[in-house]
Amino acid sequence: MLPGSDSLVPGPIPGLAEATLLARDPATGADSVLWPRSYTNRTRVKLTVKGRLARTYTTAMTPSFASLRGAPYFYLDADGEWVSSMCNGVVVTDFRLASGSPGDWVMSCKTGLNPPSDDATSEYSTVGIVSGGGFVRRWGQSQPTWPGYFNCGSGPCVYVAGGSQNVRIEPIATVLTLAANKTSVLAGDSVLFTPSASGLSISVIGWYWVPDSVVGKPSVSPRTGTCSSSTSSCKVPVFETGRMYLRALVGSGSSAVEEQASARVSVACGSGDPLFDSRELRDEMKRMMLLSNADDTVTYRRSERMRLVYRKNGVYKFVDPPAYNPNPCRVGFYPPQSNVTVDGDTLVSWIHTHPYGPNEVLQCGDPAAYPAQDTSRIAYVKGANPQDLSFMIMNPVYNLATGSTTPVTNPALKGLPMFVIDKQYVMFYKPPSQGGDSKYQPLYEYNWKSGVCAWP
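Being a predicted model, the structure only gives us computed values, none of them experimental. (Residues numbered from 1 in each chain as written. Predicted model: local features only at pLDDT ≥ 70, side-chain atom pairs only at ≥ 80, totals over all residues. Heavy atoms only, no water.)

**Description of the sheet that holds strand β6 (residues 72-76)**
Rules: Pairing between two strands requires that DSSP report at least two bridges joining them. A run of DSSP states H or I qualifies as a helix once it reaches four residues; a run of E qualifies as a strand once it reaches two. Both are numbered from the N-terminal end. To obtain an axis, a line is fitted to C-alpha atoms, over the contacting stretch when the element is a helix, and the angle between two such axes runs from 0 to 180 degrees between their N-to-C directions.
Sheet architecture is open: 3 strands sit in the order β6-β5-β11, paired in antiparallel fashion. Across the chains shown, the open sheet's two edge strands, defined by having one partner strand only, are β6 and β11 (158-162). Averaged over all pairs of adjacent strands, the angle between their axes in this sheet comes to 40°, without regard to strand direction. When strand β5 (residues 53-57) meets β6, the two strands line up antiparallel, connected through 3 bridges. Bridge pairing in β6 links Leu53 to Leu76.

Structure follows, in structure tokens:
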């Protein structure tokens with residue numbers, strides 16, 4: 001994808017739990033679910049209820065109210081109902097401590113503001129403190145019986161006809177904050193995360209790094225690390241866009257509350273690919289551009305270059321393949337045979353330099369040393385040229401193990417991404433084997449010389 005077309009989705013919030021409540025008792029709307037997590041400490045959370053329950057009049061209405069039989073009644077909304085100075089049909093935590101006594105609880109009631117009518121509240125959140133573990137329940141209620149229970153047979157006039165509510169509880173912070181000394185970095189830059197709590201004491205429970213994911217791309221295991229719970233601040237190299245979460249006890253004694261704060265860091269122009277976004281690749285590409293003499297004003301003294309990228313145990317190695325006929329306009333080299341490794345390193349990609357920039361015209365060879373057909377001038381075109389895009393059919397193949405070449409059209413480069421860098425842009429091409437394409441296809445690019453993506 002090109003810049004701006006990626007859709008980043010926040011990763012899962014540590015400690016978040018969700019469940020669904022139905023109406024197992026249609027007459028009252030009551031239901032309960034065993035909550036999937038418990039809370040050892042008094043923990044500040046946000047309770048969110050999404051969804052409404054549909055209600056209708058029963059079919060047992062007397063003939064004088066036949067027009068109401070099966071007719072819709074007001075929804076039971078996400079915030080329940082406030083009836084006769086009390087909350088009905090609300091979602092509430094029903095947790096118990098290890099001792100068996102009730103824990104702190106939170107409830108979805110919007111007191112005094114939601115009479116038994118449809119106020120169209122499909123989502124409602126409230127903040128409170130919980131402790132212990134157990135059930136989350138929807139309190140049952142006697143459904144409205146207008147125009148009189150005596151006209152409704154032996155049950156209420158209104159019952160729950162369908163629907164469900166999603167309940168989620170996530171740890172949050174109202175006192176604890178987490179600050180990052182840099183919020184936009186290049187992959188591999190170190191970021192210091194520092195907490196504060198308005199002067200209250202902070203006891204770290206844990207640090208958690210959660211990378212954003214990219215829609216339409218395979219999930220990538222995070223390379224960004226975390227810190228131990230013994231550290232009051234956390235400094236780590238950040239390799240992908242995401243959030244650092246800190247869970248800590250704020251305050252002391254019986255008034256201490258566990259809170260969770262976070263800080264987001266964006267990797268500028270990150271593609272989501274750990275190699276393309278890595279500082280190692282960036283540094284190697286800059287070195288290759290220097291070796292390509294990209295700034296030489298005598299353009300025929302420039303030369304395109306190739307590098308093979310190997311990886312072992314997360315460490316990258318850059319290898320020069322045997323090359324031939326290098327000049328500013330083209331370079332040939334022998335790609336390695338399939339599945340080749342060097343000292344246990346696995347081939348993962350290859351890099352190609354274009355030592356020219358916008359609107360440059362190149363002389364492909366020294367007019368005094370080369371025939372006229374080799375000194376043709378070409379205008380700069382951003383990105384890979386047709387020969388690059390068809391490189392999967394390159395011939396012959398080079399055997400890194402023996403140093404020999406063989407005319408077999410089966411290069412290991414097929415199926416591997418290609419990275420191209422020129423004097424202004426760096427480009428990421430997906431391999432032909434992904435999606436059945438016959439040629440390399442552009443996936444991502446950005447300007448590495450200027451703007452928000454500029455390399456230091």
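**Focus: the sheet that holds strand β15 (residues 189-196)**
The strands making up a sheet associate through backbone hydrogen bonding, with each pair oriented either parallel or antiparallel. The strand order across the open sheet formed by 3 strands is β13-β15-β18, and the pairing between neighbours is antiparallel. Both edges of this open sheet fall to β13 (177-180) and β18 (234-238), since each of them pairs with a single strand only. In this sheet, adjacent strand axes meet at a mean angle of 30° when their direction is disregarded.

**What about the packing of aromatic side chains?**
Going by this rule: Between 30 and 60 degrees the pair is tilted, below 30 it is stacked and above 60 it is edge-to-face, where a pair is any two Phe, Tyr or Trp rings, Trp via its six-membered ring, whose centres lie within 6.5 Å. The rule is simple: take the accessible area with a 1.4 Å probe, protein chains only, and divide by the maximum for that residue type; under 20% is buried, over 50% is exposed, in between is partly exposed.
Tallying each qualifying case throughout the model produces 11 aromatic pairs. With 6.3 Å between their ring centres and 75° between their planes, Tyr444 and Tyr446 make a pair best called edge-to-face. For Tyr444, a relative accessible area of 5% puts it in the buried group. Judged by its relative accessible area of 8%, Tyr446 falls in the buried class.

**With respect to unusual backbone geometry**
Its identity as a non-glycine residue notwithstanding, Ser198 has a phi of 50°, on the positive side. Within the secondary structure, Ser198 is located in the loop between β15 and β16 (202-211). The exposure class assigned to Ser198 is exposed, which follows from its relative accessible area of 70%. Backbone geometry places Asn293, a non-glycine residue, at a positive phi of 55°. Note that Asn293 resides in the loop between α1 (279-291) and β21 (306-312).

**Describing the side chain of Glu304**
The criterion, for reference: Side-chain atoms alone can form a polar contact between residues adjacent in sequence; in general such a contact is a pair of N or O atoms within 3.5 Å, and within protein one must be able to donate a hydrogen while the other accepts it. Here, residues are in contact when the closest pair of their heavy atoms is within 4.5 Å.
Counting through the fold element by element, Glu304 comes out in the loop between α1 and β21. Glu304 gets classed as buried once you look at its relative accessible area, which sits at 2%. At a separation of 3.0 Å, a polar atom in the side chain of Glu304 contacts the side chain of His352. Filtering out sequence-adjacent residues up to four positions away, Glu304 remains in contact with Pro326, Asn327, Pro328, Cys329, Arg330, Val331, His352, Thr353, His354, Pro355 and Tyr356.

**Observations concerning the state of the cysteines**
Basically, it comes down to this: Cysteine sulfur pairs qualify as disulfides if the two atoms are within 2.5 Å.
On inspection of all chains with the given rule, the structure shows 1 disulfide. With a sulfur-sulfur separation of 2.1 Å, Cys227 is cross-linked through a disulfide to Cys234. Measuring handedness by torsion sign, the sulfur bridge of Cys227 and Cys234 sits at about 85° and is right-handed. According to the relative accessible area criterion, Cys227 is buried, its value standing at 18%.

So yeah, pure geometry; function would need other evidence.
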